[in-house]
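Spelled out from the first residue to the last, the chains are:
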Amino acid sequence: MKAAVLQSLGQPPRYEDFPDPVPAESEVLVDVSGASLKPVDRQLAAGSHYASPRQLPAICGLDGVGRLPSGERIYFGGVRPPLGGMAQRTAVRKAFAFPIPSELNDEQAAALPNPGVSAWLSLTYRAKLQAGENVLILGATGVTGQLALQVAKLLGAGRIVAAGRNPEVLLKLRELGADATLSLDVDEDELRQSFLGESRNGRFQVVLDYLWGHPAEVFLETLIHKEFATIEREIRFLQIGESAGPVISLPAAVLRSAAVTILGTAGVPPHEILLTALRDVLQHGASGKLRVATERVPLSEVESAWNRESPGRRVVFVP
């Protein structure tokens, strides 16, 4: 069969022949219909992720959508190395094969679950968003940031402010539910004033941070009180990604003068919570309440498309 085969870390996979999968007793064979290209797929192939493959060659792709021998359409994850989702066929554990609503097409079914479940769990499981609370999303122009915006709206958030760098995507975020948008592509003083201005419209209770780096530094510094003040409602700052930088400088005054708690995503949640989130995301995707922009690319073009920029969209490789 043909697949996106990784021969060496740090190089794009190539469209090559790979032995057909032989399912183990606990696995099922899947004819793959599509597999999305995610940042983690690139990190794994680059060798920069803690779970990067130790034995090569291997097929890229953590998840995908396809059909079982019975004809049932499924979303799958947890593929056993050296197999992967970016192939004509793969083998997956039965416990990680999930039925797809008929209203959800293959491209959405391949592209939506990974970022959608991440956004859903970030808001419900970790940040514990309550209806009416105000939300700031740092990095809202990325695929997961856009879905986090939609999820926050579904969960009944009060005011939602979306911040990002891509001006074209930023213009579209009000259609997805943003009450206001902020450009991060400005100088530090203007960015600080933008954060302060939106805080005056109603302080944020939840901040989803897909960026870290300088934008996070500037926002956190705006929380410093210059005088003793009565404690307000807590701000839950959830750190998710680091596309703007892996480290920040954090003044102690932020933590001593503001009611802010900095959280991490804390890895994989309990299995039942993960399954419930996946079902919710797929159902909302089927109803059209959650959606992600996609770019359909033949798997044969995987090498040339691997590092291509697709701002605000998710590439879906189709065998």
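Before reading further, recall that the structure is shown in the block above.
Just so you know, these numbers come straight off a predicted model, no measurement behind them.

(A) Expanded view of the overall build of the protein. Along its length, the protein carries 10 helices and 16 strands. The C-alpha radius of gyration computed for the protein amounts to 21 Å, which stays within 12% of the reference 20 Å derived for 319 residues, consistent with globular compactness. Expressed as a percentage of its 319 residues, the buried residues of the protein come to 50%. The contacts of the protein with a sequence gap of at least 6 include a subset with a gap of at least 24, amounting to 72%. Seen as two clouds, the 32 positive and the 35 negative side-chain charges of the protein have centres 3 Å apart.

(B) The arrangement of the packing of aromatic side chains in detail. Applying the stated criterion across every chain, the model contains 5 aromatic pairs. Relative to Phe219, the ring of Phe195 has its centre 5.4 Å away and its plane inclined at 85°; by these criteria the two rings are edge-to-face. Of the two residues, Phe195 sits in helix H6 (residues 188-200) while Phe219 sits in helix H7 (residues 213-221), which places them 24 residues apart along the sequence. Both residues of the pair, Phe195 and Phe219, count as buried. For the ring pair Phe219 and Phe237, a centre distance of 6.2 Å and an interplane angle of 25° mean the geometry is stacked. In this pair, Phe219 sits in helix H7 while Phe237 sits in strand E13 (residues 235-239), placing the two residues 18 residues apart along the sequence. Both residues of the pair, Phe219 and Phe237, belong to the buried class.

(C) Highlighting the packing of helix H3 (residues 113-126) against helix H9 (residues 271-286). Packing of H3 against H9 brings their axes to within 9 Å, and their N-to-C directions diverge by 115°. With respect to the hand of their crossing, H3 and H9 are arranged in right-handed fashion. Contacts between H3 and H9 involve Pro113, Gly116, Val117, Trp120, Leu121 and Tyr125 from the first element and Ile273, Leu274, Ala277, Leu278, Asp280, Val281, Leu282 and His284 from the second.

Scoring rules and cut-offs
Residues numbered from 1 in each chain as written. Predicted model: local features only at pLDDT ≥ 70, side-chain atom pairs only at ≥ 80, totals over all residues. Heavy atoms only, no water. Helix = DSSP H or I, 4+ residues; strand = E, 2+ residues; numbered from the N terminus. Rg over C-alpha atoms; globule rule 2.2 N^0.38 Å. Buried < 20%, exposed > 50% of the residue type's maximum accessible area, 1.4 Å probe, protein only. Contact = heavy atoms within 4.5 Å. Lys, Arg positive; Asp, Glu negative; His and termini not counted. Charge placed at Lys NZ, Arg CZ, Asp CG, Glu CD. Phe/Tyr/Trp six-rings, centres within 6.5 Å; stacked < 30°, edge-to-face > 60°. Axes fitted to C-alpha atoms, helices over the stretch in contact; angles between N-to-C directions. Left-handed = near helix turned anticlockwise from the far one by under 90°.

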